[in-house]
Amino acid sequence: MGLDKLDYAIIAVYLAGITLFGLRFRKKQRSLRDYFLAGRDIPWWAIALSIVAAETSTLTIISIPGLAYDTNFTFLQVVMGYVVGRIVISFVLLPHYFRGDLYTAYELIERRFGRNLRSLTAGLFLLTRAAAEGVRVYAVSIVVSIALGTGEVASIAIITALTLVYTFEGGLAAVIWTDVVQTVIYVGGTLVGVATLVHLVPGGWGAIHSAAAAAGKLQLLNFSTSPWIPYTFWSGVIGGAFLTTASHGTDQLIVQRLLAARGQKQSVTALLSSGLAILFQFALFLTVGIMLWAYYRVPSATFGRADRIYPTFIVSRLPHGISGLLIAAILAAAMSNLSAALNSLSSSSILDFYARVRPQADEKTKMRLSRLATLCWALVLFALAVIALHKVGRVVEVGLQIASVAYGALLGVFLLGVLTRKANQRGAMVGMAFGFALELYLWLGTHIPWTWWVMLGTAVTFTVGYLASSVLSPTTRS
């Protein structure tokens, strides 16, 4: 059917409304504490929803249904690991973050090891976060080009520009509170999509369930011990736990939100409750994929790639109004993830690098440069997304792979810092080099599933770093 004027109106109202809502917070940004930590006055439930939104991008909403269309529910085993990882962070890392007045995750590394390792870990975050985010921003073009008929580059530019406006002006407060609104929109929109699919498939939910069960698409657990299968109970729970411990415990994108809480207890509550929300959310997206399979019953190659199935269904099969709502919901996820990336990349650039080189700079100068850094990172992500147009396959897995390449080395260093007294800066840097090299090899030179990369990288970084610290004398902290 395509979209009509009602759908375009809904999308336009959403884009204008969320941008104006985000701009409401610009007058409250008087200091770096306001701009990057929202004055440390955000309630736990808002942080929880913001965490969920930050780890949910367009690629999650369109690629997870595509994954379920081709396979089954076994990806949910990885999400079970996401919950386990949050528990580990609550006991192992969060107590250290709330000892002192930290702004970034990498300040903890400097406090434990020294300035050089802080620069290395922050630099690795900037590099890999930007690369992974470029793939996520690219995923926006798949939806917008199908829905609006605009070119892919123009689609990326529109969303990047609108997100930049309120992130540039409103800082983390605007990011978190727009995240709350956007989470409600995209989850609500997805539930509308599920209800619509139930009505469109002859026989309703009963027919969908019977067909999916007969085809083995309702399989949730796979207890195979083969290391070559990406989604088993073992690779999911263990690999997912390591991935989340790294992504939510060492990545500024999430740590920044945890530091914005009113205290450690509220931060823990936000983190754990976000785990339950993310489990529900991924189950919902996988269910959409199974329902789409029951509706179409054709190979995913018919659509070009599996990532195009859900947006194609929205545009071509849903009633007008609902189509516009669901496209707006997908754009909501895109903008919430992008705004989170821009603010975290900016905060690390200014606080982990500039503020250390120019400690005498006044607050007004730092605020001006923080906004400039946000603009610069928006241009970088736009460029990376354009490059990704021609370089990626199934976007959700590519995005997770890029992030996983660095997470093992980062988590290994953080664990060396909080679990040992013997480790020193030189040893930790050697361990980090070995861990990162291993993960690059796993990515480029093997067929080992990405679900194991973070665990293997963490183990090598921690072990080599600990042993190297015994041989190398510690450097003097500067």
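Residues numbered from 1 in each chain as written. Predicted model: local features only at pLDDT ≥ 70, side-chain atom pairs only at ≥ 80, totals over all residues. Heavy atoms only, no water.

Chemist: Can you lay out the overall build of the chain for me, pointing to particular residues and giving the numbers?
Modeler: In terms of helices and strands, the chain carries 19 helices and zero strands. What you see for the chain is a C-alpha radius of gyration of 22 Å, in line with the 23 Å of a compact globule of 478 residues. Counting across all 478 residues of the chain, residues that qualify as buried make up 61%. Partitioning the intrachain contacts of the chain with sequence separation of at least 6 by distance along the chain shows that 85% fall at a separation of at least 24. Accessible surface, the chain: about 17400 Å² in total, of which carbon and sulfur atoms supply 67%. Within the chain, the 20 negative side-chain charges are centred at a point lying 5 Å from the centre of the 36 positive side-chain charges. (Helix = DSSP H or I, 4+ residues; strand = E, 2+ residues; numbered from the N terminus. Rg over C-alpha atoms; globule rule 2.2 N^0.38 Å. Buried < 20%, exposed > 50% of the residue type's maximum accessible area, 1.4 Å probe, protein only. Contact = heavy atoms within 4.5 Å. Areas by Shrake-Rupley, 256 points an atom, 1.4 Å probe, with all protein chains shown as cover. Lys, Arg positive; Asp, Glu negative; His and termini not counted. Charge placed at Lys NZ, Arg CZ, Asp CG, Glu CD.)

Chemist: Tell me about the side chain of Thr19, residues and numbers included.
Modeler: Inspection of the secondary structure assignment puts Thr19 in helix H1 (residues 5-23). The exposure class of Thr19 is buried, given its relative accessible area of 8%. A distance of 2.7 Å separates a polar side-chain atom of Thr19 from the backbone oxygen of Leu15. If we skip the residues at most four places from it in the chain, Thr19 touches Leu162, Val165, Tyr166 and Met335. (Polar contact = N/O pair within 3.5 Å; in protein donor to acceptor, adjacent residues only side chain to side chain.)

Chemist: Explain the nonpolar core residue by residue, including any values.
Modeler: Formed by 155 residues in total, the largest nonpolar core has its most connected members in Phe75, Tyr97, Tyr186, Leu292, Tyr310 and Leu331. Filtering out sequence-adjacent residues up to four positions away, Tyr186 remains in contact with Val52, Ala53, Thr56, Ile61, Gln281, Phe285, Ala329 and Ala333. (Core = buried A, V, L, I, M, F, W, Y, C linked by side-chain atoms within 4.5 Å.)

Chemist: For the packing of helix H12 (residues 252-259) against helix H15 (residues 322-357), give the residues involved together with the corresponding values.
Modeler: Relative to each other, H12 and H15 sit at 85°, their axes nearing to 9 Å. Taken together, the axes of H12 and H15 are roughly perpendicular relative to one another. Along its contact with H12, which presents Gln252, Leu253, Gln256 and Arg257, the element H15 presents Ala340, Ala341, Asn343, Ser344 and Ser347. Looking at the contact of H12 with H15, its residues break down into three nonpolar, five polar and one charged. (Axes fitted to C-alpha atoms, helices over the stretch in contact; angles between N-to-C directions. Parallel < 35°, antiparallel > 145°, perpendicular 65-115°, else oblique. Nonpolar A, V, L, I, M, F, W, Y, C, P; charged D, E, K, R; others polar.)

Chemist: Would you mind going over the packing of helix H5 (residues 76-92) against helix H13 (residues 264-296) in detail, with residue names and values included?
Modeler: Running from amino to carboxyl end, H5 crosses H13 at an angle of 175°, the nearest separation of the two axes being 9 Å. With respect to each other, H5 and H13 are oriented roughly antiparallel. Residues Leu76, Val79, Met80, Tyr82, Val83, Arg86, Ile87, Ile89 and Ser90 of H5 pack against Val268, Leu271, Leu272, Ser274, Gly275, Ile278, Leu279, Phe282, Ala283 and Leu286 of H13. Split by residue class, the contact of H5 with H13 holds 15 nonpolar, three polar and one charged.

Chemist: Account for the environment of His199, with residues named and values stated.
Modeler: By the element assignment, His199 lies in helix H9 (residues 152-200). For His199 and Ala340, which are 141 residues apart along the polypeptide, the C-alpha to C-alpha distance reads 36 Å.

Chemist: Residue-level account of helix H4 (residues 58-70), with values.
Modeler: Note: α-helices contain 3.6 residues per turn, so residues at a spacing of three or four share the same orientation. Over its 13 residues, H4 extends 19 Å from the first C-alpha to the last, a length consistent with the 18 Å expected when each residue adds 1.5 Å. Of all 13 residues in H4, twelve are buried; the element is thus mostly enclosed. Those residues of H4 that fall on the buried side of the exposure criterion are Thr58, Leu59, Thr60, Ile61, Ile62, Ser63, Ile64, Pro65, Gly66, Leu67, Ala68 and Tyr69. (Expected span 1.5 Å × (residues − 1).)

Chemist: Residue-level account of a nonpolar patch on the surface, with values.
Modeler: Together, Leu220, Leu221, Phe223, Trp234 and Ile238 give the surface a local cluster of nonpolar side chains, amounting to about 420 Å² of exposed area. For Leu221, the location among the structural elements is in the loop between helix H10 (204-214) and helix H11 (233-249). (Patch = residues over 30% accessible without salt bridge, like charges linked within 9 Å, V, L, I, M, F, W, Y side chains within 5 Å. Salt bridge = Lys/Arg side-chain N within 4 Å of Asp/Glu carboxyl O.)

Chemist: Before we move on, can you summarise the confidence of the model for the chain with the specific residues and values?
Modeler: When pLDDT is averaged across the chain, the result is 88; 96% of the residues are at 70 or more. Confidence, read as mean pLDDT per element, is least for helix H17 (residues 395-419) in the chain (81) and greatest for H13 (96). (pLDDT = per-residue confidence, 0-100.)

Chemist: Any details on the packing of aromatic side chains? Residues and values, ideally.
Modeler: Tallied over the entire structure, the rule returns 17 aromatic pairs. Judged by centre distance (5.6 Å) and plane angle (70°), the rings of Trp45 and Trp177 are edge-to-face. Of the two residues, Trp45 sits in helix H3 (residues 44-54) while Trp177 sits in helix H9, which places them 132 residues apart along the sequence. Under the relative-accessibility criterion, Trp45 is labelled partly exposed at 40%. Centroid distance Tyr106 to Phe414: 6.3 Å. Interplanar angle 70°. Geometry classified as edge-to-face. Of this pair, Tyr106 sits in helix H7 (residues 106-112) while Phe414 sits in helix H17, placing them 308 residues apart in sequence. Residues Tyr106 and Phe414 agree in their burial class; the two are buried. By way of ring pairs, the aromatic residues Tyr69, Tyr295, Tyr296, Phe303 and Phe313 are connected into one cluster. Here Arg297 stacks its cationic end above the ring of Trp293, 4.9 Å away from the centre of that ring. (Phe/Tyr/Trp six-rings, centres within 6.5 Å; stacked < 30°, edge-to-face > 60°. Lys NZ or Arg CZ within 6 Å of the ring centre and 35° of its normal.)

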